[in-house]
Amino acid sequence: RIELPSGVADALAAATRVVVFTGAGMSAESGVPTFRDDLTGLWARFDAEQLATPEAYRADPDLVWGWYEWRRARVRRAAPNAGHLAVAELETLVPGTTVVTQNVDDLHERAGSRAPVHLHGSLFAPRCTGTAAHPADVPDAADVPDADVVPDADVADGDPAAGGRIPPPACTRCGAPVRPGVVWFGEALPRAALTTAIEAATTCDVLLTVGTSGVVYPAAEIPRVAMLHGATVIQVNPDPTPLDPVCAANLRGTAAQVLPTLVAAARR
Ligand code: APR
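Below you will find a few notes about this structure. (Residues numbered from 1 in each chain as written. Predicted model: local features only at pLDDT ≥ 70, side-chain atom pairs only at ≥ 80, totals over all residues. Heavy atoms only, no water.)

## Points about the packing of aromatic side chains
All chains considered together, the criterion is met by 3 aromatic pairs. Plain terms: the ring middles of tryptophan 67 and tyrosine 68 are 4.9 Å apart, the flat faces sit at 75° to each other, and that makes the pair edge-to-face. The exposure class assigned to tryptophan 67 is buried, which follows from its relative accessible area of 2%. When its relative accessible area of 5% is taken as the criterion, tyrosine 68 is described as buried. A network of ring pairs unites the aromatic residues Tyr57, Trp67, Tyr68 and Trp184 as a single cluster. Seen from the ring of tryptophan 67, arginine 71 lies directly overhead, with NZ or CZ sitting 4.7 Å from the centre. (Phe/Tyr/Trp six-rings, centres within 6.5 Å; stacked < 30°, edge-to-face > 60°. Buried < 20%, exposed > 50% of the residue type's maximum accessible area, 1.4 Å probe, protein only. Lys NZ or Arg CZ within 6 Å of the ring centre and 35° of its normal.)

This is the structure we're talking about:
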């Protein structure tokens, strides 16, 4: 068990408004790879420019769609970890809790979190690329049939170009190709999600930042916004990150190890 600095336990016990800001490290103990941890991180195997940009999708839709299907199959086989469950429990202990995640998996939801704010979209909300008959701004989570992708297909370990190509399905409304419902590099974040996240960050007493490297903006701005508005910012990450200086406490541990102890402090 992690010994909490006294200020952390007191801040949590007194908090009425909490933001839990999460990144890929939140899902690492569920077996979903992170992006930047060396060796295991997804990007370590792929060139981000190759897969997570509108240009990549236009250039090779089957490769990009196949990679996201592989990720979706991985997530389907994963289970929420003790960290996700602790966050869901915090929501019942402190009703003024808002979960803001950069993750595109559904593990917070499956752990019982009511309405996590997805700053970078979701693997489970594919979108139509839009045609005149069906303007792209009409978010139509096309009911895309689940591809029978074998999650541990060696797409992740081999040359992405070699395997895992899956043609994107057609939109059920207009027939245009469907795209992953995630935010790609160079794309704007969903306005409603960003507004909700910033609003929560400016009004919270405590912000927990868990499992993010804090290098991708504007999401990485959220902990600083909270600190600037007087919140106590607590980081849960085995490694140091650029967010360290913004934090009142840096708990060097993993989500599944530390969050249950943090939530126990809020229970008192
Ligand atoms: N518990 C907590 N933190 C962990 C764990 C764990 N078990 N394992 C790893 N970490 C930490 C790593 O030390 C790292 O700081 O989680 C962080 C993961 O960082 P990234 O892989 O960069 O993931 P993230 O910060 O969510 O990336 C932000 O970048 O690629 C884009 O859109 C993508 O949402 C993503 C964004």
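## With respect to the site of the ligand
By nearness alone, 22 residues border the ligand, and Ala24, Phe35, Arg36, Thr212 and Ser213 come closest of all. One nitrogen or oxygen atom from the main chain of phenylalanine 35 is found 2.7 Å from an oxygen atom belonging to the ligand. Within the backbone of glutamine 102, a nitrogen or oxygen atom sits 3.2 Å from an oxygen atom of the ligand. In isolation the ligand has 740 Å² of accessible area, and contact with the protein removes 92% of it. Here the residues of the shell around the ligand are counted per class, giving 8 nonpolar, 10 polar and 4 charged. (Near = heavy atom within 4 Å. Polar contact = N/O pair within 3.5 Å; in protein donor to acceptor, adjacent residues only side chain to side chain. Areas by Shrake-Rupley, 256 points an atom, 1.4 Å probe, with all protein chains shown as cover. Nonpolar A, V, L, I, M, F, W, Y, C, P; charged D, E, K, R; others polar.)

Geometry only, nothing functional implied.
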